[in-house]
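Read off the chains here:
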Amino acid sequence: MPTINDIQDDIIECFSMFEDWSEKYEYLIDFGKSLEHLEEKYKTEENRIHGCQSRVWLHAEQQGDKIIFYADSDAIITKGIVGLLVKVLSNHTANEIATSELYFIDKIGLREHLSPTRANGLLSMVKKMKSYALIWDNQQA
Amino acid sequence: MLDIQKIRADFPILNETIRGKKLVYFDNGASTQKPQAVIDAEKYYYEHQYANIHRGVHYLSQIGTDLYEQVRRQVQEFINAKHDHEIIYTKGTTNSINLVAYSFGRKFLNEGDEIVLTEMEHHSNIVPWQIISEEKKCTIKVIPLQQDGSISLEDAEKLITDKTKIVSITYVSNALGTINPIQEIIDIAHKKGAKVLVDAAQAIQHIPIDVQALDVDFLVFSGHKIYGPTGTGILYGKEEILNEMPPYEGGGDMIKTVSFSGTTFSDLPFKFEAGTPNIAGCVALGTAIKYVQEIGLKNIQTYETELLQYATEKLMQIDGLKIYGTSKHKSSVISFLLDGLHPYDVGVILDNQGIAIRTGHHCAQPVMDYYKIPGTCRATFAMYNTKEEVDILVDGILKAKKMLS
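Residues numbered from 1 in each chain as written. Chains lettered and ligands numbered in written order. Predicted model: local features only at pLDDT ≥ 70, side-chain atom pairs only at ≥ 80, totals over all residues. Heavy atoms only, no water.

A look at the sheet that holds strand S16 (residues 358-360) of chain B
All names here are of chain B. With antiparallel pairing, four strands are arranged side by side in an open sheet as S13-S14-S17-S16. Each edge of the open sheet carries a strand with a single partner, namely strand S13 (321-324) and S16. Looking at each pair of strands side by side, their axes are set apart by 30° on average, direction ignored. As defined by bridge partners, strand S14 (residues 333-338) adjoins strand S17 (residues 376-380) across four bridges and the pair is classed as antiparallel. Bridged to Val-333 within S17 is Thr-380. Across the sheet, helix H11 (residues 297-316) is in contact with S13 and S14; its angle to S14 comes to roughly 5°. (Pairing = 2+ DSSP bridges. Helix = DSSP H or I, 4+ residues; strand = E, 2+ residues; numbered from the N terminus. Axes fitted to C-alpha atoms, helices over the stretch in contact; angles between N-to-C directions. Contact = heavy atoms within 4.5 Å.)

What follows is the structure, encoded as structure tokens:
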């Protein structure tokens, strides 16, 4: 079972092969398109991450001692990035998620998408994923 | 004819390389870039002339005061106001509208009165009125949008009634580019005894304005959208109305006498200018206005209209591209969507090609609700933009379309 950091390292390696911005974004777009849509019943106001531009939804479930995340966005690039976050953090324990350090975003040059001024909700999404984990981690403790 | 290359050379930022590409700046509706003269004016003032203004007896304070007051007269002349004390310095359009909503509202609005806005207003011309309406128990009436992004005078006639105290309307829609028939709206409102505020944030840099000819009661704009510094703005108001209005903020510079048994306020314009203002910004705003006047707003308008037509024709040739805002009277704004593509995605791909446009709801959510869209991509033009840049935008959109479809 790969750790959060193993998955981050894999993504960084994958992105290191892209030669220019368009290859990187083409990958994100294709990745975004390949992800399943979140079921409509989960696209609730409660699951909505508020950002200025694209809409993002995040749904979390507990399976055993793991948290599984499902996410979606109406903008495809956002969905690709959201998908990467899910890929990294989903299917880990609450404690692993809460204590994780997300360094891959910086390394693959997508930091700007997470800046608070970008106002696309991704920073809020990371915070929300971690807060789910914190709450569950506290419940278990 | 404008010498665009000469104008471009005045704007140092236009030489910047963004992500390895030459910057193409089409986000002028959000803010315009600054000519070297404006940058230099602010710098020179801080380096050689700076001190706090008014009341200081020393040399520098007097120089600063003279410059600051000189720009006030320059603005007066620029929009043809009757008196220089009808020109109030503010932080920007938003600040100007809030000042009027709060101060005019406190004095003149009563329960049951009506405020008339349009469906295309920027949030800053909606929210201040909502706040004061709630306090004063007034009603807001909205002149609806039509499919082409214009409003109809018949609707205006119906909605502006004897109950209307103020009509607050944008001259040019920031989201759609529509130029509103403000002269007609002012005439309709005045017949009913209502006052009119014109939000000229998107007009002041494109269209010559004469407040006396319009007979408008209030006109507001931001310095940063007319090639001037951020944090500068203007509220023009007719003397007789401003005199009746209570101060908006209390503090230094806006009083005659202060004692704990009571305070008397300064005359116009100082009554509305509490505290140390953005002196350097205002000084440089004068330089910006002078720069625009030397080129000539009529010349700018002619050139930008030609550019808008060229861009509209070019963009309409792109398969699946829809332009929102197709009114006959339009200023330098093109809002568009590509079939099935989210504006955010398009904006990101254009950004990576060094092309700056704006995506989203443009602080005009009711407009997006009207068209039932999440937002648009918006390209807005200024006098330094060129047809070659429009061609780069078209290629950029085609690339975005290819990548995202």
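Describing a negative patch on the surface
Residue and element names in this part refer to chain A. Together, Glu-19, Asp-20, Glu-23, Glu-26 and Asp-30 line one region of the surface with negative charge. Its location among the elements puts Asp-20 in the loop between helix H1 (4-16) and helix H2 (21-34). According to the relative accessible area criterion, Asp-20 is partly exposed, its value standing at 38%. (Patch = residues over 30% accessible without salt bridge, like charges linked within 9 Å, V, L, I, M, F, W, Y side chains within 5 Å. Areas by Shrake-Rupley, 256 points an atom, 1.4 Å probe, with all protein chains shown as cover. Salt bridge = Lys/Arg side-chain N within 4 Å of Asp/Glu carboxyl O. Lys, Arg positive; Asp, Glu negative; His and termini not counted. Charge placed at Lys NZ, Arg CZ, Asp CG, Glu CD. Buried < 20%, exposed > 50% of the residue type's maximum accessible area, 1.4 Å probe, protein only.)

Regarding the pairing of strand S2 (residues 56-63) of chain A
Residues and elements named next belong to chain A. The pairing of strand S1 (residues 48-49) with S2 spans two bridges and is antiparallel. Of the residues in S2, the one forming a bridge with Ile-49 is Val-56. Inspection of the sheet shows S2 paired to strand S3 (residues 66-73) by eight bridges, in the antiparallel sense. By the bridge assignment, Leu-58 is partnered in S3 with Ala-71. Linkage of S2 to S3, two consecutive antiparallel strands, is achieved through a turn of two residues, within which Gly-64 is found at a positive phi near 65°.

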